[in-house]
2 protein chains.
Amino acid sequence: MLSKKTQYAFHALIHLAENVDKGPILISEIAQEKNISIKFLENILLELKNAGILGSKKGKGGGYYLMRPPKEIALAKIIRLLDGPIALLPCVSLNYYERCENCRDEAVCGLNEVMSKVRDATLKLLETKTLKDILTRNA
Amino acid sequence: MLSKKTQYAFHALIHLAENVDKGPILISEIAQEKNISIKFLENILLELKNAGILGSKKGKGGGYYLMRPPKEIALAKIIRLLDGPIALLPCVSLNYYERCENCRDEAVCGLNEVMSKVRDATLKLLETKTLKDILTRNA
DNA sequence: ATAAATCCTATAAAAAAGATAGACTATTAT
DNA sequence: ATAATAGTCTATCTTTTTTATAGGATTTAT
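From a predicted model like this one, the values you see are computed outputs, not experimental measurements.

1. Concerning the domain arrangement of chain A
Phase 1 of the analysis: Each domain of chain A was delimited in the assignment, giving domain 1 (4-66) and domain 2 (86-134).
Phase 2 of the analysis: One C-alpha centre belongs to domain 1 of chain A, the other to domain 2 of chain A, and the line joining them spans 30 Å.

Here it is, written out as structure tokens:
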């Protein structure tokens, strides 16, 4: 399961995407709208900003905004940033690979093979689906 | 990522499957063969036994053995038993569903829709692939 | 009877997740 | 200039989960 942190990030990004035309959006507005602790959300948005996904403006009229159009922000990027590996096992992770310590040889390990397939099936969706694809329908 | 518990369980089950013809297998043998703490493994095998996946025999000549042929033990079952939900979000979990507290209406939530697809793609593999499919190749 | 092995429950230790606090900096309005 | 606004940064705290260990109870083969 995705952590609360990543779940909150998605909901915050959805709110930002659904209000792109309204200029910078307040943390407090997102927090209230999405039922998220404001201080926790603050940290999350900052992390997204430091990763170049969000921009911000300080002072009156300030807030956060998307740095790119929603259709260019892949879901996989957000998950990897906040949650780490998407794969189910370290030995099949593309971005956070670690050797398997319980099997003799990954090259002939059937578990490795199946979990690679699971990873591929998952990434096929998460790398192609973007923020645009998770906006509220009929809104 | 799967927990160590689930990862260990898979490796233990692989060892049991690869030695079905040898009668009950000792916990200590599996622990040594797979580099797993024997006491931790003990708890895991017990849980698998209580779930009906393994059988056991006490005393001399005892040990653990599979209750069904490897091809009838789906990977999804093991994961759900030891790790819980396979889905990335509570609101798209088939077996551990919980309402989303950050969105207004799951029926029109795009995140819900995409994550349902991820779940389906994952389950298509994990429900059909079995212990038989993760055995060491060329062994 | 004895030794071998699993069964069972409790607890401890470590790590991760979730949440909060508060002082600091930049921007804007007046 | 000044005050108010709003994000920045870092530290800490609490809770939960994960990982691991301990030790006595029970069952079985010989």
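From this point, things continue past the structure.
2. Points about the protein's contact with DNA strand C
Phase 1 of the analysis: Near DNA strand C lie 27 residues; those nearest to it are Lys39(A), Asn43(A), Glu42(B), Ser56(B) and Tyr64(B).
Phase 2 of the analysis: A share of 61% of the atoms of DNA strand C within 4 Å of the protein falls on sugar and phosphate groups.
Phase 3 of the analysis: One of the backbone nitrogen or oxygen atoms of Ile27(B) is found 2.9 Å away from a phosphate oxygen of DNA strand C.
Phase 4 of the analysis: When contributions to the surface near DNA strand C are tallied by element, the ones reaching two or more residues are α1 (4-17) and α3 (38-50) of chain A together with α3 (38-50), β1 (54-57) and β2 (63-66) of chain B.
Phase 5 of the analysis: For the surface near DNA strand C, the element with the highest residue contribution is α3(B), accounting for five residues.
Phase 6 of the analysis: Grouping the amino acids of the surface near DNA strand C by side-chain chemistry returns seven nonpolar, nine polar and eleven charged.

3. Comments concerning unusual backbone geometry
Phase 1 of the analysis: The phi torsion at Asn35(A) lies on the positive side, around 60°, for a residue other than glycine.
Phase 2 of the analysis: Tracing the chain through its elements places Asn35(A) in the loop between α2 (27-34) and α3.

4. Remarks on the relation of the copies chain A and chain B
Phase 1 of the analysis: Note on the copies: chain A fits chain B at an RMSD of 0.1 Å, the axial shift is 0.0 Å, and the rotation between them is 180°. Put plainly, the chains are arranged around a two-fold axis.
Phase 2 of the analysis: In this assembly, 100% of the residues forming the interface of chain A have copies in chain B that are likewise at the interface, indicating an isologous arrangement.

5. Points about the environment of Lys22(B)
Phase 1 of the analysis: Among the secondary structure elements, Lys22(B) is positioned in the loop between α1 (4-17) and α2 (27-34).
Phase 2 of the analysis: The spatial distance from the C-alpha of Lys22(B) to the C-alpha of Tyr65(B) is 9.3 Å, given a sequence separation of 43 residues.

6. Let's talk about the pairing of β1(B)
Residues and elements named next belong to chain B.
Phase 1 of the analysis: Summarising the sheet, β1 and β2 pair through four bridges and their orientation is antiparallel. What sits directly across from lysine 57, in β2, is glycine 63.
Phase 2 of the analysis: Here β1 folds back onto β2 in antiparallel fashion, the turn holding five residues, of which glycine 59 has a positive phi close to 70°.

7. Structural notes on the protein's contact with DNA strand D
Phase 1 of the analysis: Lining the immediate surroundings of DNA strand D are 28 residues, of which Lys49(A), Ser56(A), Tyr64(A), Ser37(B) and Lys39(B) lie closest.
Phase 2 of the analysis: Looking at DNA strand D alone, sugar and phosphate atoms form 65% of those within 4 Å of the protein.
Phase 3 of the analysis: Separating a phosphate oxygen of DNA strand D from a side-chain N or O atom of Ser37(B) is a distance of 2.8 Å.
Phase 4 of the analysis: Separating a base oxygen of DNA strand D from a side-chain N or O atom of Asn43(B) is a distance of 2.9 Å.
Phase 5 of the analysis: Counting residues per element, the ones that place at least two in the surface near DNA strand D are α3, β1 (54-57) and β2 (63-66) of chain A together with α1 and α3 of chain B.
Phase 6 of the analysis: For the surface near DNA strand D, the leading source of residues is α3(A), giving five residues.
Phase 7 of the analysis: Taken together, the residues of the surface near DNA strand D break down into seven nonpolar, nine polar and twelve charged.

8. Considering the packing of α2(A) against α3(A)
Two packed helices can be described by the angle between their axes and the distance between those axes.
Residues and elements named next belong to chain A.
Phase 1 of the analysis: Where α2 contacts α3, the two axes come as close as 9 Å, and the packing angle between them is 120°. Here α3 runs oblique to α2, going by the angle between their axes. When the axes of α2 and α3 are compared, the crossing they make is right-handed. Facing α2, whose interface residues are Ile27, Ser28, Ile30 and Ala31, α3 presents Ile38, Leu41, Glu42 and Leu45.

9. Observations regarding the interface of chain A and chain B
Phase 1 of the analysis: On the side of chain B, 45 residues touch chain A, which itself brings 45 residues to the contact.
Phase 2 of the analysis: The largest contributions to the chain A side of the interface with chain B come from Met1(A), Asn102(A) and Arg137(A), which together make up 20% of the buried area.
Phase 3 of the analysis: Remark: the boundary between chain A and chain B carries three salt bridges.
Phase 4 of the analysis: Of the charged contacts, one joins Arg137(B) and Glu113(A) as a salt bridge, the two residues approaching to 3.5 Å between their closest N and O atoms.
Phase 5 of the analysis: Taken together, the connections running from chain A to chain B amount to ten residue pairs in polar contact (both at pLDDT 80 or more).
Phase 6 of the analysis: Of all the elements in the fold, those that place two or more residues in the side of chain A that touches chain B are α1, α2, α4 (75-83) and α5 (110-126) of chain A.
Phase 7 of the analysis: Residue contributions to the side of chain A that touches chain B peak at eleven residues, all from α5(A).
Phase 8 of the analysis: Taken together, the residues of the side of chain A that touches chain B sort by class into 27 nonpolar, eight polar and ten charged.

So, how was this worked out
Residues numbered from 1 in each chain as written. Chains lettered and ligands numbered in written order. Predicted model: local features only at pLDDT ≥ 70, side-chain atom pairs only at ≥ 80, totals over all residues. Heavy atoms only, no water. Domains from an automatic or database assignment. Near = heavy atom within 4 Å. Polar contact = N/O pair within 3.5 Å; in protein donor to acceptor, adjacent residues only side chain to side chain. Helix = DSSP H or I, 4+ residues; strand = E, 2+ residues; numbered from the N terminus. Nonpolar A, V, L, I, M, F, W, Y, C, P; charged D, E, K, R; others polar. Least-squares fit on C-alpha atoms with pLDDT ≥ 70 in both. Contact = heavy atoms within 4.5 Å. Pairing = 2+ DSSP bridges. Axes fitted to C-alpha atoms, helices over the stretch in contact; angles between N-to-C directions. Parallel < 35°, antiparallel > 145°, perpendicular 65-115°, else oblique. Left-handed = near helix turned anticlockwise from the far one by under 90°. Buried area = accessible area lost by both parts, 1.4 Å probe. Salt bridge = Lys/Arg side-chain N within 4 Å of Asp/Glu carboxyl O.

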